Amino acid sequence: MTQPLTALAATDSVENVVVFVSDAMRYDFLPSAVSDLGVTATAIAPSTFTASGLPSLVTGQYPSTHRVWMFDDQVATRPRLLTEDTTDVGFDAGTVWTELPEPEKPPLQIHHVTAERTLDDLEAPFTHLIHDVGPHAPYGFDNDVFESTREFFEEHERRRGPLVGLYRDDCTRSAERFLDVYETIEDRGLLSETLFVFTSDHGQCLGEPAAGGRFGHGHPMVPETVEIPVVFAGAGLPGGVEYGELISGTDVAPTALSAQRGTVPGDVDGVDLWRSTAPEERAPRSEVWQHVDLDAGPLELSLTVYAAASAWDEGGGHVFQRGSRAERTAALTYDNLARGYAPAWKHNTSPGSLLSFLQLSLEQRRTHGAPELTATEAEAAVPESFERGDAASETTLNERQEDRLRDLGYL
């Protein structure tokens, strides 16, 4: 049985927490420079889409609990990890949003956080969340070099081998930005009293034939998009240690809250790994519901692009795709042929990847790997359907926000 992190740390509690989210970094591309610093776990991303995954990291809840699915949804209340009642709170997404559409507002899905603040703005005790662009496309370049993800794939590179290399280089660049933060805390003499959590909001497909040749994330729900790293460092934790059990991205918030404030909210789905361990029978989940709301005159339509729920263990997982096969296949075909990652998908497609794409689109249930968890047990653990949250209609995207999300390949 894996021990609580307190059994490895040099302290029972910490003053400060730094959560570094490297967007779209999958577990098997984690740079050793990061894993060498702390205790590294394989985790299941609560979602394969940033809009619902980032809220899960800061609330400790699955998307079906907080019900934030798209970028115009928002959490109902300010996430406890980012409350200012006992700590100074910072939020930094400068490498993701090179030009924030509205500087006074952060990304909408954690709408209740106030303006961006850098680490230099904070005084201990503090909690600092950094949403880093990570290896998100365009691979190998800052977000402001190309006008859109599609332009990158059209004008720069479409071959799978070089794209994988550029993705790996971006993982290294993201790790270097994390190390800069780590060293800043060390230089301030706060390393022993600061818990670092390096993680990601979801993984990434890199043209694997078994994943339908897909580049990107959101869909399909496969190991490449759900397996992410979580590294706990600082606070006297040893480096280069592997955590012995599969965990969930929902564990980040309760673990950080327990370490810093000694209490964990009762409404979290995740587990406090600072003072306890996960139950042996737990099967971490991943959930995604990408949909588009259309206002067609007298008719208001909601079209599901992709919806799926899954449960996983160390051996693999079971994925249950929701909705109509025809609607899903049509939406995914359009996505692969016409949207941001389309040039790379079309350039690298093969008979095998096409067959896999059709199977992934048409199947309502798919098993990956060899999980000990049965399909029946997995189906009983995941929600049957999804609902939007009560706060979903309170926030709308303006034109500049929509343009920025579209440029990044989200819309």
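Residues numbered from 1 in each chain as written. Predicted model: local features only at pLDDT ≥ 70, side-chain atom pairs only at ≥ 80, totals over all residues. Heavy atoms only, no water.

### A word on the overall build of the chain
Of the regular secondary structure elements, the chain holds 12 helices and 14 strands. Of all 411 residues assigned to the chain, the portion counted as buried reaches 58%. When contacts within the chain are restricted to residue pairs at least 6 apart in sequence, long-range pairs at least 24 apart make up 77% of them. A total of about 16000 Å² of accessible surface is found on the chain, and carbon and sulfur atoms cover 48% of it. (Helix = DSSP H or I, 4+ residues; strand = E, 2+ residues; numbered from the N terminus. Buried < 20%, exposed > 50% of the residue type's maximum accessible area, 1.4 Å probe, protein only. Contact = heavy atoms within 4.5 Å. Areas by Shrake-Rupley, 256 points an atom, 1.4 Å probe, with all protein chains shown as cover.)

### Examining the environment of arginine 366
Here arginine 366 shows up in strand 14 (residues 365–369). Excluding anything up to four places from it in sequence, arginine 366 contacts Ala210, Gly317, His318, Val319, Gln359 and Leu360. A distance of 2.8 Å separates the side chain of arginine 366 from the side chain of glutamate 363, its partner in a polar contact. (Polar contact = N/O pair within 3.5 Å; in protein donor to acceptor, adjacent residues only side chain to side chain.)

### Considering the packing of aromatic side chains
Across all of its chains, the model carries 19 aromatic pairs by this definition. Between the aromatic rings of tryptophan 69 and phenylalanine 386, the centroid separation amounts to 4.6 Å while the plane-to-plane angle is 40°, which identifies the pairing as tilted. Remark: phenylalanine 386 occurs in the loop between helix 11 (375–381) and helix 12 (399–407) and tryptophan 69 occurs in the loop between helix 3 (63–66) and strand 3 (88–92); sequence separation between them is 317 residues. Neither tryptophan 69 nor phenylalanine 386 differs from the other in exposure class; each is buried. Plain terms: the ring middles of phenylalanine 146 and phenylalanine 152 are 5.4 Å apart, the flat faces sit at 75° to each other, and that makes the pair edge-to-face. Residue class for phenylalanine 152 comes out buried when judged on its relative accessible area of 0%. Taken together, the aromatic side chains of Phe29, Tyr139, Phe146, Phe152, Phe153, Tyr167, Phe215 and Tyr341 make up a single cluster linked through ring pairs. (Phe/Tyr/Trp six-rings, centres within 6.5 Å; stacked < 30°, edge-to-face > 60°.)

### Points about helix 5 (residues 160–187)
Each α-helix turn comprises 3.6 residues. Residues three or four places apart therefore point the same way. Between the first and last C-alpha of helix 5 there are 40 Å, a value that for 28 residues agrees with the 40 Å anticipated at 1.5 Å per step. Of the residues one or two after helix 5, glycine 189 is the one with positive phi, at around 75°. (Expected span 1.5 Å × (residues − 1).)

### Observations concerning unusual backbone geometry
Along the chain, alanine 124 connects to proline 125 via a cis peptide bond; the corresponding omega equals 0°. Its place among the elements puts proline 125 in the loop between strand 3 and strand 4 (126–132). Not every positive phi belongs to a glycine, and alanine 24 is a case in point at roughly 70°. Topologically, alanine 24 is positioned in the loop between strand 1 (16–22) and helix 1 (32–35).

### Describing the pattern of salt bridges
The tally for this structure, following the rule as stated, stands at 18 salt bridges. Among the ionic pairs, arginine 117 bridges to aspartate 88, the shortest N-O distance being 2.7 Å. Taken together, the residues arginine 117 in the loop between strand 3 and strand 4 and aspartate 88 in strand 3 connect sequence positions 29 residues apart. A salt bridge links arginine 366 to glutamate 363; the nearest nitrogen and oxygen atoms lie 2.8 Å apart. The class for arginine 366 is buried, based on a relative accessible area of 19%. Beyond isolated ion pairs, a larger network of salt bridges with shared partners links Arg26, Asp28, Arg160 and Glu208. (Salt bridge = Lys/Arg side-chain N within 4 Å of Asp/Glu carboxyl O.)

### As for a negative patch on the surface
A cluster of acidic side chains, namely Glu176, Asp180, Glu183, Glu186 and Asp187, defines a negative patch on the protein surface. Position of aspartate 187 relative to the elements: it lies in helix 5. You can call aspartate 187 exposed: its relative accessible area is 70%. (Patch = residues over 30% accessible without salt bridge, like charges linked within 9 Å, V, L, I, M, F, W, Y side chains within 5 Å. Lys, Arg positive; Asp, Glu negative; His and termini not counted. Charge placed at Lys NZ, Arg CZ, Asp CG, Glu CD.)

### Brief notes about the environment of phenylalanine 146
Looking at the secondary structure, you find phenylalanine 146 in the loop between strand 4 and helix 4 (149–155). You can call phenylalanine 146 buried: its relative accessible area is 13%.

### With respect to the pairing of strand 1
For strand 1, the tally of buried residues reaches seven of seven residues, placing the bulk of the element in the interior. Burial along strand 1 is two-sided: Asn16, Val18, Phe20 and Ser22 facing one way and Val17, Val19 and Val21 facing the other are all buried. Looking at chain direction, strand 1 and strand 4 are connected through six bridges and run parallel. The residue bridging serine 22 from the neighbouring strand is aspartate 132, located in strand 4. (Pairing = 2+ DSSP bridges.)

### Quick word on the packing of helix 8 (residues 325–338) against helix 10 (residues 351–362)
Interhelical geometry of helix 8 versus helix 10 gives an angle of 140° and a closest axis separation of 8 Å. Looking at the two axes, helix 8 sits oblique to helix 10. Note on packing geometry: the crossing formed by helix 8 with helix 10 is right-handed. From helix 8, Arg325, Arg328, Thr329, Leu332, Thr333 and Asn336 reach across to helix 10, where they touch Phe357, Leu360, Ser361 and Leu362. (Axes fitted to C-alpha atoms, helices over the stretch in contact; angles between N-to-C directions. Parallel < 35°, antiparallel > 145°, perpendicular 65-115°, else oblique. Left-handed = near helix turned anticlockwise from the far one by under 90°.)

### Observations regarding helix 8
For helix 8, which comprises 14 residues, the first-to-last C-alpha distance of 20 Å matches the rise-based estimate of 20 Å (1.5 Å per residue) to within 8%. The backbone nitrogen of alanine 326 lies 3.2 Å from a side-chain oxygen of the residue at the head of helix 8, namely serine 324.

### Some thoughts on the nonpolar core
Membership of the largest hydrophobic core comes to 38 residues, with the highest contact counts inside it found for Leu5, Val19, Leu129, Leu195, Phe232, Ile247 and Trp274. Elements with a minimum of two residues in this core: strand 1, strand 2 (38–44), helix 2 (50–59), strand 3, strand 5 (194–199), strand 8 (227–234) and helix 7 (252–261). The element that contributes the greatest number of residues to this core is helix 7, accounting for five residues. Setting aside residues up to four positions removed in sequence, leucine 5 forms contacts with Val39, Phe232, Leu237, Tyr243, Thr255, Leu273 and Trp274. One finds Leu119, Leu179, Val181 and Ala233 within the second-largest nonpolar core, a separate group that totals 36 residues. (Core = buried A, V, L, I, M, F, W, Y, C linked by side-chain atoms within 4.5 Å.)

### Looking at the environment of valine 181
Mapped onto the fold, valine 181 is located in helix 5. Considered as a pair, valine 181 and isoleucine 130 are 51 residues apart in the sequence and their alpha carbons are 9.7 Å apart. The contact partners of valine 181, leaving out residues within four places of it in the chain, are Val18, Leu119, Ile130 and Phe196.

Don't take any of this as a statement about function, it's just geometry.
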